[in-house]
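Chain by chain, the residues:
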Amino acid sequence: MAKANAGTVNPHGRSGVRIVVAGDQGTGKSSLIITAAAENFPVNVPRVLPPTKLPEDLYPDRVPITIIDTSSRAEDSDKVAEELQRADTVVLTYACDRPETLENLSIFWLPHLRKLEVKVPVIVVGCKLDLRDESQQVSLEQVMSPIMQQFREIETCIECSASRHIQVSEVFYYAQKAVLHPTAPLFDQESQTLKPRCVRALKRIFILCDHDRDGALSDAELNDFQVKCFNAPLQPSEIGGVKKVVQEKLSEGVNERGLTLTGFLFLHALFIEKGRLETTWTVLRKFGYNDDIKLADDLIPPLKRAPDQSVELTNEAIEFLKSIFDAFDGDGDGMLRSRELEELFSTAPESPWTGAPYEDAAEKNAFGGLSLDAFLSEWALMTLLNPTFSVENLIYIGYTGDPSSAIRVTRRRRLDRKKQHSERNVLQCFVFGPRKAGKSALLNSFISRPYAENYSPTTEDRYAVNVVDISMENKKYLVLREIPEDGVGKLLSNKESLASCDIAVFVHDRSDESSWRTSSELLVEIAGHGEDTGYEVPCLIVAAKDDLDSFPMAIQESTRVSQDMGVEAPIPISVKLGDFNSLFRRIVTAAEQPHLSIPETEAGKSRKQYQRLVNRSLMVVSVGAAVVIVGLAAYRVYSARKVSSG
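Residues numbered from 1 in each chain as written. Predicted model: local features only at pLDDT ≥ 70, side-chain atom pairs only at ≥ 80, totals over all residues. Heavy atoms only, no water.

Going by the annotation in an unreviewed UniProt entry, the name recorded for the protein chain is Mitochondrial Rho GTPase, with Arachis hypogaea given as the source organism. Entered under Sequence similarities (unreviewed entry) in the UniProt record, the comment concerning the protein chain runs "Belongs to the mitochondrial Rho GTPase family." (UniProt positions renumbered as here; feature names shortened; annotations may be inferred.)

Here's what the structure looks like:
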């Protein structure tokens, strides 16, 4: 297994590897570089070498290497720091005959790299091996083990002698290998186990190669895997040898059907332990993974869209998700519990719904389970907020279609207003209002969270998503986005902030006059921003806490504002009593008719009136000009006739 094709040319997509060599003065940095490049030990060594290139075909990966020498003088420290920050990997040198230079790696150089936030593999190289005191023979492992425990960024340690040509080329081979085939993303040196993200990627690859879905790779499937990854088939004896190695160490690694997932993972751990990281990296890269063990960016098609366009899943993607839901609903109860969701996303780098904004965005049952509607609602939200991330996760969980067939870009909202209808399946509603107005309670009720008397302020934007049934044929995903009162300024600092909004709701506490005043001021502010930017949105006013008495003059005030601005009268609701007055349906209906319920400010009205006057004046001028032109034409005809009759 894993016989790499020698004819492969730079499969890593890298244009080159930049290796920066640093260390104390007199540790052999420049001599090491010259000997590696020229294969001759230099007699006279310059203080600092210019950038040195190694031949492209020097190592099997055929990726060009550029080596940067650095100065040890204090006055050049800024230049050295700059070079270290541009490095793909760092070679730190010490002199084998000077123990203090080794100590200085822990005291200065390695902490210095951390201070500079240089997060690349480090190769520690003991130079001048031929000059080491023979009476102080200590193994490299004994010397370096405590340092490597403290500084996990150290990938490899090696000793060499430039003057004796001992392990010089190996230094830069390991440096290049640390970049092209790094250990850190794959393997935990301390626990000697594969890292979780690596396990999840290899599990996905195993499932993709298990064509008959029987939980094991047969001899034929193993051979197909080998050909795909390494362009070379396996002989039956080689397949038998692979399975024998696994079975001797791990009985559950092989069964009567073939190599199990446990055995597949064991093989890769074995490759890594034996230093054959290139085998596992070749497999990962053949299946589209990058150095972070995520799908490479070029696998996801770039999306071109205007600010007022959104992205939704296609019917093809939704049908795939329905089948995945059924496949992982092990107990057939129509709900995906936490354990089942974890298994569903076990082939993704991490569960995409951990943390904000997704974790608490959908309706869950008492056991934290998601119904099919809630499951699809989460996907609708993820696709709306981060389409690329959504497509990535579709691929992780087994979507094999063309990624571009999974999503569609909707019509522009500006065009929706002209057409007087929205065809979106996912509608986004911005929820504005002052503190303690009932915004959070509204979002909680939308996803069936119990009403809470205690007030808990919202400090960041928060989302809730659910399905709203308008009719048997019309089902929409509604996304409520709660915007804290003190977050409005930040939102409106972006000219295009309302472009993604289908409808805005303004919530106030009907028992509190100051709450109403702040909410109506927000309505004017949002309406004015929409008029100024061209991203006008339909708006509804919600009078929350209908179980409380309204403040004096509430009806007159709300009637005045709604009439002045041309919007519907406030919709009374009581979350506490569970009386929502069909609010969510009304939100969806208003969003589907985006030309209606758009508020007008006094400034907006004046602007429109002025525009009408200008248009009328232009019309009068154009009509007058047309009359003049017609008159001139008639006069010319009359003159021509007069001349001809004369």
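Once that is clear, we can look at the sheet that holds strand S21 (residues 571-572). If you walk across this open sheet you meet the six strands as S17-S18-S16-S19-S20-S21, and the pairing is mixed. Whereas interior strands pair on both sides, the edge strands pair on one side only; in this sheet they are strand S17 (462-469) and S21. As paired elements, strand S19 (residues 503-509) and strand S20 (residues 539-544) share six bridges and run parallel to each other. When the bridges of S20 are listed, His508 appears paired with Ala543. Its contacts with the sheet put helix H18 (residues 513-533) on strand S16 (426-432), S19 and S20, and the angle it makes with S19 is roughly 165°. Packed onto the sheet, helix H20 (residues 583-592) meets S16, S17, strand S18 (475-482), S19, S20 and S21 and runs at close to 100° relative to S18. (Pairing = 2+ DSSP bridges. Helix = DSSP H or I, 4+ residues; strand = E, 2+ residues; numbered from the N terminus. Contact = heavy atoms within 4.5 Å. Axes fitted to C-alpha atoms, helices over the stretch in contact; angles between N-to-C directions.)

The full count for this structure, using the stated rule, is three cavities of 30 Å³ or more. Taken together, Arg413, Asp416, Arg417, Ser422, Arg424, Cys501, Asp502, Glu536, Val537, Pro538, Ala591 and Pro594 make up the full set of residues lining the largest cavity. Counting residues per element, the lining of the largest cavity draws most heavily on helix H15 (residues 413-419), which supplies three residues. Its residues placed into classes, the lining of the largest cavity shows five nonpolar, one polar and six charged. By volume, the second largest cavity amounts to about 50 Å³. (1 Å grid on protein atoms, 1.4 Å probe; cavity = no way out; pocket = protein on both sides within 12 Å on 5 of 7 lines; lining within 4 Å. Points joined across faces, edges and corners; volume = space filled by probe spheres on them. Nonpolar A, V, L, I, M, F, W, Y, C, P; charged D, E, K, R; others polar.)

Where helix H13 (residues 372-385) meets helix H14 (residues 387-396), the axes come as close as 5 Å, and the angle between the chain directions of the two elements is 130°. One way to sum up the angle between H13 and H14 is to call them oblique. Packed against H13, whose contacting residues are Trp379, Met382, Thr383, Leu384 and Leu385, the element H14 presents Pro387, Phe389, Ser390, Asn393 and Leu394 at the interface. Of the residues contributing to the contact of H13 with H14, the split by class is seven nonpolar, three polar and no charged. (Parallel < 35°, antiparallel > 145°, perpendicular 65-115°, else oblique.)

A word on the UniProt feature "domain: EF-hand" (unreviewed entry) in the protein chain. In this structure's numbering, the residues bearing the UniProt feature "domain: EF-hand" (unreviewed entry) are residues 316-351. Helix makes up 56% of residues 316-351 and strand makes up 6%, while its end C-alpha atoms are separated by 22 Å.

Across the junction of Ala356 and Pro357, the peptide omega takes the value 5°, indicating a cis bond. Within the fold, Pro357 resides in the loop between helix H12 (338-344) and strand S14 (370-371). Phi is positive for Glu117, close to 60°, though the residue is something other than glycine. With respect to the element layout, Glu117 can be found in the loop between helix H3 (99-115) and strand S5 (122-127). For Ile293, which is not glycine, the phi dihedral falls at a positive 55°. For Ile293, the position within the fold is in the loop between helix H10 (277-286) and strand S12 (311-313).

Right, let's talk about the nonpolar core for a bit. The biggest cluster of nonpolar side chains holds 77 residues, and the ones touching the most others in it are Ile205, Phe375 and Trp379. Dropping the residues within four chain positions of it, Ile205 is found in contact with Phe225, Phe264, Val283, Leu284, Phe287 and Tyr289. Within the second largest apolar cluster, 27 residues are counted, among which are Leu427, Leu442, Leu480 and Ala544. (Core = buried A, V, L, I, M, F, W, Y, C linked by side-chain atoms within 4.5 Å. Buried < 20%, exposed > 50% of the residue type's maximum accessible area, 1.4 Å probe, protein only.)

Another aspect to go through is the environment of Ser514. With respect to the helices, strands and loops of the structure, Ser514 is situated in helix H18. Owing to a relative accessible area of 37%, Ser514 belongs among the partly exposed residues under this scheme. Sequence spacing of Ser514 and Phe551 is 37 residues, and the spatial spacing of their C-alpha atoms is 9.6 Å.

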